[in-house]
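An overview of the molecular structure
Here are the chains, one letter per residue:
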Amino acid sequence: MITINNEIMQFLNDCEKELKEKFDEIDAIEFENQLKVLNAFNENRIQAHHFIGSSGYGHNDIGKEKISSVFASIYHTEDAFVSPLISCGTEAISQTLFGLLRPNDTMLCISGTPYDTLMNIIYGVEGKNVGSLKDYNINYAEVDLKDGDFDLESISKAINELNPKMIYIQRSRGYSLRNALSIAQIERAIKEVRKYTNAYVVVDNCYGEFTETKEPTDVGADLVVGSLLKNMGGGIAPTGGYMAGKSEMIELISYKFTSPALGVDTGSYEPGYKSFFEGVFVSPHVVANAKKLVALTSLAMNKLGYETVPSKDQTISDIVCCINFKDKDKLVKFTRAIQFTSAIDSDSVLEAGEMDGYADLIIMASGSFNQGSSIELSCDGPMREPYAGFLQGCLTYQHGKIGLMNAIKAIK
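Right, let's walk through the structure included here.

Concerning the sheet that holds strand β6 (residues 223-227)
- Taken in spatial order, the 7 strands make up an open sheet running β1-β7-β6-β5-β4-β2-β3, and their pairing is mixed. In the strand order of this sheet, the two ends are held by β1 (79-83) and β3 (139-142), each with one partner. Recorded for the sheet is a direction-independent mean angle of 20 degrees between the axes of neighbouring strands.
- Examined bridge by bridge, strand β2 (residues 106-109) and strand β4 (residues 166-170) share 3 bridges and lie parallel to one another. In the strand pairing of β4, cysteine 109 is matched with tyrosine 168.
- Along the sheet, helix α3 (residues 62-75) contacts β1, β6 and β7 (241-245); its crossing angle with β1, the most-contacted strand, is approximately 130 degrees.
- In the packing of helix α4 (residues 89-100) onto the sheet, contacts are made with β2, β4, β5 (200-204), β6 and β7, and the angle to β6 comes to roughly 150 degrees.

In structure tokens form, the structure reads like this:
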């Protein structure tokens with residue numbers, strides 16, 4: 001049973017008082033995003049029969065068409081492709097890269113080294129031809145961030161030297177200790193990129209959706225990619241991923257997803273689409289809850305002597321708070337406490353283990369209703385120095401606060 005530690009709870013209550021202005025700002029952003037989503041539903045005239053699924057080839061699947069149209073309206077793009085058959089964000093990104101890039105093309109990532117799970121997609125596996133970008137003779141290069149922001153001078157130099165087909169940006173931090181990239185930063189970078197190239201600008205939008213009032217496609221990105229197990233699913237969508245952007249790009253990606261003979265019109269999902277419509281509808285509120293937990297965690301853990309990202313004064317541009325424990329034992333104890341505070345599998349005792357796509361052992365608390373759903377309260381980190389933990393998500397703010405209380409108790 002979880003019991004309240006009065007001293008820690010009072011400490012968190014005091015932190016909340018300091019965060020009133022920040023919480024009011026989060027509420028204002030939530031309001032604008034909720035209005036945007038509601039208008040997307042109204043604009044596309046969503047009705048109950050759009051929840052019904054399809055079978056076989058999935059031809060004339062009005063639910064699939066309508067959920068994609070809702071996403072296109074939210075992102076202000078020409079088109080979108082939303083599919084329950086996409087298992088996770090990594091798969092959505094993989095489908096995008098292989099849909100848009102051809103042999104001898106170059107992909108230039110301007111936000112530093114991407115998330116761990118993309119390494120096999122880019123470089124493959126030593127001694128095996130697994131079908132990576134490298135295996136298809138697709139070139140990859142990257143430009144590191146400079147003090148947490150885009151290195152515009154190095155980006156322009158790389159573009160002129162490499163003539164890339166795609167400019168790639170990862171909005172969230174992965175397992176690095178930097179803050180997520182803000183919309184303002186992304187806008188400045190894209191304006192610089194456009195001085196030198198008309199290459200595709202693709203943004204991995206995972207963890208960042210609805211954290212601000214604008215999305216990357218509002219400031220010049222050609223395409224955004226993400227997972228419905230994160231922000232856009234609202235903790236309700238059971239699976240899925242999305243791409244939203246220019247019609248020509250969505251068409252090319254759809255050929256990779258099915259086949260060049262079929263494209264986006266083929267593919268069924270018999271269970272239906274109600275959870276996907278409902279998930280995106282509630283997602284602005286769920287994201288706001290998660291952002292409040294980020295703010296509370298950052299302030300509280302910083303007061304306890306830990307380095308946190310984002311800091312109190314930084315823009316919250318994703319749903320993740322990085323806590324630099326610099327201590328293996330504290331990372332394990334903190335993560336186990338989050339698991340114990342979960343609604344599902346709370347009796348599991350976590351151990352670090354191997355996970356597909358990661359070079360290091362990973363410890364991960366994820367007692368979620370949808371397996372691996374990182375919009376639900378979770379915490380994970382690689383078992384390597386400096387032993388940083390990444391706390392993210394929460395369907396309700398109060399659950400997140402209880403989890404944080406329990407985790408602080410575990411490491412004190």
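Some words on the pattern of salt bridges
- Using the criterion set out here, one finds 20 salt bridges in the structure.
- Residue glutamate 212 is joined to arginine 171 by a salt bridge in which the shortest nitrogen-to-oxygen separation is 3.9 Å. On the criterion of sequence distance, the pair formed by glutamate 212 in the loop between β5 and β6 and arginine 171 in the loop between β4 and α7 (183-193) is long-range, its members being 41 residues apart.
- According to the relative accessible area criterion, glutamate 212 is buried, its value standing at 15%.
- Residue lysine 333 is joined to aspartate 329 by a salt bridge in which the shortest nitrogen-to-oxygen separation is 3.3 Å. One end of the pair, lysine 333, and the other, aspartate 329, are both in helix α10 (residues 328-340), 4 residues apart, so they sit about a helical turn from each other.
- Residue aspartate 329 is classed as partly exposed on the basis of its relative accessible area of 43%.
- A cluster of three or more residues bridged by salt bridges with shared partners is formed by Glu18, Lys303 and Lys312.

Description of α4
- The end-to-end C-alpha distance of α4, which contains 12 residues, comes to 17 Å, matching closely the 16 Å that a straight helix rising 1.5 Å per residue would cover.
- Most of α4 sits out of view: 10 of its 12 residues are buried.
- Regarding α4, the residues found buried are Gly89, Ala92, Ile93, Ser94, Gln95, Thr96, Leu97, Phe98, Gly99 and Leu100.

Observations concerning the nonpolar core
- Ranked by size, the top nonpolar core spans 61 residues in total, and within it Phe71, Ile74, Ile110, Ile169 and Met232 carry the most contacts.
- Of all hydrophobic cores here, the second largest spans 40 residues; its members include Leu12, Leu19, Phe23 and Tyr387.

Focus on a nonpolar patch on the surface
- On the surface, Ile2, Phe340 and Ile402 cluster together to form a nonpolar patch covering roughly 220 Å² of accessible area.
- Topologically, isoleucine 2 is positioned in the segment before α1 (6-18).
- Owing to a relative accessible area of 33%, isoleucine 2 belongs among the partly exposed residues under this scheme.

What to know about unusual backbone geometry
- In this model, valine 309 is joined to proline 310 through a cis peptide bond whose omega is 5 degrees.
- Position of proline 310 relative to the elements: it lies in the loop between β8 (307-309) and β9 (320-324).
- Following glutamate 385, the chain continues to proline 386 via a peptide bond in cis, the omega torsion being 10 degrees.
- Along the chain, proline 386 falls in the loop between β11 (378-382) and β12 (388-392).
- The residue asparagine 137 is not glycine, and still its phi comes out positive at about 60 degrees.

Concerning the packing of α1 against helix α9 (residues 274-303)
- Look at α1 against α9: their axes get within 10 Å of each other, and the N-to-C directions meet at 120 degrees. In terms of axis orientation, α1 runs oblique to α9. Classified by chirality, the crossing of α9 by α1 is right-handed. Between α1, through Phe11, Leu12, Cys15, Glu16 and Glu18, and α9, the contact on the second element is made entirely by Leu296, Leu299, Ala300 and Lys303.
- When grouped by side-chain class, the residues that make up the contact of α1 with α9 number 6 nonpolar, no polar and 3 charged.

Each value, and the rule that gives it
- Residues numbered from 1 in each chain as written.
- Predicted model: local features only at pLDDT ≥ 70, side-chain atom pairs only at ≥ 80, totals over all residues.
- Heavy atoms only, no water.
- Pairing = 2+ DSSP bridges.
- Helix = DSSP H or I, 4+ residues; strand = E, 2+ residues; numbered from the N terminus.
- Axes fitted to C-alpha atoms, helices over the stretch in contact; angles between N-to-C directions.
- Contact = heavy atoms within 4.5 Å.
- Salt bridge = Lys/Arg side-chain N within 4 Å of Asp/Glu carboxyl O.
- Buried < 20%, exposed > 50% of the residue type's maximum accessible area, 1.4 Å probe, protein only.
- Expected span 1.5 Å × (residues − 1).
- Core = buried A, V, L, I, M, F, W, Y, C linked by side-chain atoms within 4.5 Å.
- Patch = residues over 30% accessible without salt bridge, like charges linked within 9 Å, V, L, I, M, F, W, Y side chains within 5 Å.
- Areas by Shrake-Rupley, 256 points an atom, 1.4 Å probe, with all protein chains shown as cover.
- Parallel < 35°, antiparallel > 145°, perpendicular 65-115°, else oblique.
- Left-handed = near helix turned anticlockwise from the far one by under 90°.
- Nonpolar A, V, L, I, M, F, W, Y, C, P; charged D, E, K, R; others polar.

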